[in-house]
Amino acid sequence: MFDIKAIRENPEEFDRLWAKRGLEPQTKKIIDQDKLIRKAMQVVQEAEAARNKSSKLIGAAMAKGDKEEAERLKTEVAGAKNVIAAMGAQVDSEKAMLHDLLSSLPNLPFHEVPDGEGEEENLEVSKWGEPRAFDFEPKSHEDIGVPLGLMDFETAAKMSGSRFVILRGALSRMDRALAALMLDMQTAEGFEETSPPFLVWPKALYGTSQLPKFAEDLYPAGEDHYLIPTAEVSLTNTVRESILDADTLPRRMTAHTPCFRSEAGSAGRDTTGMIRQHQFNKVELVTICKPEDGEDEHKNMLRCAELVLQKLDLPYRVVELCTGDLGFGARKTYDIEVWLPSQNTYREISSISNCGDFQARRMNARYKFAEKDNRFVHTLNGSGLAVGRTLVAVLENYQNEDGTVTVPDALVPYMGGLEIVG
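In short, a report on the structure. Quick caveat, the model's predicted, so the values are computed rather than measured.

1. A short note on the overall build of the protein
Secondary structure summary: the protein contains 12 helices and 18 strands in total. Computed over the C-alpha atoms, the radius of gyration of the protein is 28 Å, more than 25% above the 22 Å expected from 2.2 N^0.38 for a compact globule of 422 residues. Expressed as lengths along the three principal axes of its C-alpha atoms, the size of the protein is roughly 105 × 45 × 40 Å. Here the protein, with 422 residues, has 50% of them falling under the buried criterion. Summarising the internal contacts of the protein: among those between residues at least 6 apart in sequence, 72% fall at separations of at least 24. For the protein, the accessible surface area stands at approximately 20300 Å², while carbon and sulfur atoms represent 49% of it. In the protein, the 51 positive side-chain charges and the 68 negative ones have mean positions that sit 8 Å from each other.

2. Thoughts on the pairing of strand β10 (residues 279-289)
Where burial is concerned, most of β10 is hidden: nine out of the 11 residues are buried. Two elements, strand β9 (residues 251-260) and β10, share 10 bridges in a ladder whose sense is antiparallel. Along β10, the bridge assignment pairs Phe260 with Gln279. Pairing analysis gives seven bridges linking β10 to strand β16 (residues 378-386), with the strands arranged antiparallel.

3. Concerning unusual backbone geometry
At the junction of Leu211 and Pro212, the peptide bond is cis and its omega measures out at 5 degrees in the coordinates. Along the chain, Pro212 turns up in the loop between α8 (202-207) and β6 (219-221). For the bond running from Gly384 to Leu385, omega is 25 degrees, close enough to zero to count as cis. Following the sequence through the fold, Leu385 ends up in strand β16. For Asp313, which is not glycine, the phi dihedral falls at a positive 55 degrees. For Asn344, which is not a glycine, the phi torsion comes out positive at approximately 55 degrees. Take Asn344: it is sitting in the loop between β12 (332-340) and β13 (345-354).

4. Here's the deal with the side chain of Asp152
Structurally, Asp152 can be placed in strand β2 (residues 151-152). At 2.9 Å, the side chain of Asp152 and the side chain of Arg168 are in polar contact. For Asp152, the residues in contact, after removing those within four places along its chain, are Val165, Ile166 and Arg168.

5. A short note on the nonpolar core
Counting 53 residues, the largest nonpolar core has Met174, Leu178, Ile336, Leu411 and Val421 as the members making the most contacts within it. At the level of secondary structure, the elements contributing two or more residues to this core comprise α7 (169-188), β10, α10 (294-311), β11 (316-320), β12, β13, β16 and α12 (387-397). Per-element accounting of this core gives the leading share, 10 residues, to α7. Aside from chain neighbours lying at most four places away, what touches Ile336 is Leu302, Ala305, Glu306, Leu309, Tyr316, Arg317, Val318, Arg347, Glu348, Ile349, Ser350 and Ile352. In this structure, Ile30, Ile37, Leu108 and Phe358 belong to the second largest nonpolar core, which totals 17 residues.

6. Quick notes on the pairing of β12
Most of β12 is tucked away, with nine of its nine residues classed as buried. Residues Lys332, Tyr334, Ile336, Val338 and Leu340 line one face of β12 and the alternating positions Thr333, Asp335, Glu337 and Trp339 line the opposite face, and both faces are buried. Pairing between β12 and β13: nine bridges, direction antiparallel. Counted as the bridge partner of Ile336 is Ser350 from β13. Where β12 folds back on β13, the antiparallel hairpin that results is connected by four residues, among which Asn344 adopts a positive phi of roughly 55 degrees.

7. Looking at a negative patch on the surface
A cluster of acidic side chains, namely Glu117, Glu119, Glu120 and Glu121, defines a negative patch on the protein surface. As for its placement among the helices and strands, Glu119 is situated in the loop between α4 (67-103) and β1 (123-128). Classification of Glu119 by relative accessible area gives exposed; the value is 61%.

8. Regarding the sheet that holds strand β14 (residues 365-370)
Reading across from one edge, β8-β14-β15 is the order of the three strands in this open sheet, with mixed pairing throughout. Each having just a single partner strand, β8 (242-244) and β15 (373-376) make up the two edges of the open sheet. Neighbour to neighbour, the strand axes of the sheet diverge by 40 degrees on average, direction disregarded. As judged from the four bridges shared by β14 and β15, these two strands associate in the antiparallel manner. Bridged to Arg366 within β15 is Phe376.

Quick notes on the rules
- Residues numbered from 1 in each chain as written.
- Predicted model: local features only at pLDDT ≥ 70, side-chain atom pairs only at ≥ 80, totals over all residues.
- Heavy atoms only, no water.
- Helix = DSSP H or I, 4+ residues; strand = E, 2+ residues; numbered from the N terminus.
- Rg over C-alpha atoms; globule rule 2.2 N^0.38 Å.
- Buried < 20%, exposed > 50% of the residue type's maximum accessible area, 1.4 Å probe, protein only.
- Contact = heavy atoms within 4.5 Å.
- Areas by Shrake-Rupley, 256 points an atom, 1.4 Å probe, with all protein chains shown as cover.
- Lys, Arg positive; Asp, Glu negative; His and termini not counted.
- Charge placed at Lys NZ, Arg CZ, Asp CG, Glu CD.
- Pairing = 2+ DSSP bridges.
- Polar contact = N/O pair within 3.5 Å; in protein donor to acceptor, adjacent residues only side chain to side chain.
- Core = buried A, V, L, I, M, F, W, Y, C linked by side-chain atoms within 4.5 Å.
- Patch = residues over 30% accessible without salt bridge, like charges linked within 9 Å, V, L, I, M, F, W, Y side chains within 5 Å.
- Salt bridge = Lys/Arg side-chain N within 4 Å of Asp/Glu carboxyl O.
- Axes fitted to C-alpha atoms, helices over the stretch in contact; angles between N-to-C directions.

Distances and angles like these do not, on their own, reveal function.
Take a look at the structure:
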């Protein structure tokens, strides 16, 4: 959501930044709609003033015994009330139209975000680790897990359809072990472990900008709830409709939750395996901070996510997304991409975004800047990490020629001392 006053004062800047995201100029129709609202509100205010003035005069006319004047004034009051009702309804309608328009527009990129139309123009920031040189043809994670009898897509499909999996035995434990390792590392970095709801109201999804833009990617649950697509929704909404004390910021939270996505826009992509599923587990990171701390908090969240991959000794790279590849609510995003030997490429395992005050405005989340001066907080979110994709990376990078998998040293304590899966 956006500050309409800021749009009025600097429409060229808004259009310039939206153009970087491939949008046509938007501010003229926004300002024209805003003018209609203000004009209608002026008519309402004038009618209210006329009604109040005539109402006061009715009593005076009655006291003088001037019934004719009193009736004339009553007619004026009735007319003013009709105008107020009609124009009030128009104001509500025009406001709803402006709200829908503003809600449909993506966040503005920060000035330093590289220009580009798509992912091929993202900027590589850094690399860590060297991909392993195999002396055999590396297998994909499903070609490792299925033969071991520990990864079952077929049985999952019988009960739930495609893009679901059943993990058994050591792989189920490894999935849990990875989440525990991530939570232990993130809480050690100052993120508060949180167990939030998995079901939320539409207004919570509106607050974090999944609604209305991405409604088709969500799973409704009953008449008035949705399953969360990410714990970002639950964690960020913990500050909705609040005024926070400045000295309580930044607030850093982490949660391990299931996530549910229909993957409506991914037809034909990653249709097999665990890369893109309807249900998956993720350890999420969310930070709520003052505006001036946003950049430092963004870098800190990126560092914390990277540390997990370094602990597991998994090669990865960091890319900064260009303007054309930014998510709807983000102003700046870093993706972490882990090396997958079977694909001979890096694949996204974490996306860490600074949303500025975009979500805070939608949630009405503010902090006390000064006496009688409450300002919007800034929100950031990211994966620390996607558990299923980390499991995929471990299986592929630690596979052995005989079909077994070596357990990374960092996971051995969480696996009860198990060093080989097979």
